[in-house]
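Spelled out from the first residue to the last, the chains are:
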Amino acid sequence: MVKDLSGLEITSDSSATVDAIDRFVDELLGVGNDAQVILKAIEADPGCAIGSITKP
């Protein structure tokens, strides 16, 4: 299983999904304006657990 930048396991083998999740967390913690980047994670791997809970 792949891990994100925080060392947490991600239920996806898609590097695009992990990259998007890492960017999403960075946006949230940094009060960024691109939190919708999580949608790229869903596109890259619709079965990813974090994608399922953040799906609009």
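This is a predicted model, so every value here is computed, not measured. (Residues numbered from 1 in each chain as written. Predicted model: local features only at pLDDT ≥ 70, side-chain atom pairs only at ≥ 80, totals over all residues. Heavy atoms only, no water.)

Participant: Just give me the short version of the overall build of the protein chain, but keep the residues and values in it.
Facilitator: Per the secondary structure count, the protein chain includes 3 helices and 2 strands. Looking at the protein chain as a whole, 32% of its 56 residues qualify as buried. For the protein chain, the share of sequence-separated contacts (at least 6 apart) that also reach a separation of at least 24 residues comes to 28%. (Helix = DSSP H or I, 4+ residues; strand = E, 2+ residues; numbered from the N terminus. Buried < 20%, exposed > 50% of the residue type's maximum accessible area, 1.4 Å probe, protein only. Contact = heavy atoms within 4.5 Å.)

Participant: I'd like a description of the nonpolar core, backed by residues and values.
Facilitator: Ranked by size, the top nonpolar core spans 9 residues in total: Ile 10, Val 18, Ala 20, Ile 21, Phe 24, Val 37, Ile 38, Ala 41 and Cys 48. Secondary-structure elements contributing two or more residues to this core are α1 (15-29) and α2 (38-44). The element that contributes the greatest number of residues to this core is α1, accounting for 4 residues. (Core = buried A, V, L, I, M, F, W, Y, C linked by side-chain atoms within 4.5 Å.)

Participant: With reference to specific residues and values, describe the environment of Ile 42.
Facilitator: Counting through the fold element by element, Ile 42 comes out in helix α2. With relative accessibility at 11%, the residue Ile 42 sits in the buried group. Ile 42 sits 26 residues away from Ala 16 along the chain, and the two C-alpha atoms are 9.6 Å apart.

Participant: Break down the environment of Leu 5 for me, citing the residues and quoting the values.
Facilitator: By the secondary structure assignment, Leu 5 is in the loop between β1 (2-3) and β2 (9-10). It is 9.6 Å that separates the C-alpha atoms of Leu 5 and Arg 23, two residues lying 18 residues apart in sequence.

Participant: Can you lay out the confidence of the model for the protein chain for me, pointing to particular residues and giving the numbers?
Facilitator: Overall, the prediction assigns the protein chain a mean pLDDT of 81, with 88% of residues at 70 or greater. When mean pLDDT is compared element by element in the protein chain, β2 scores highest at 89, while helix α3 (residues 49-54) scores lowest at 66. (pLDDT = per-residue confidence, 0-100.)

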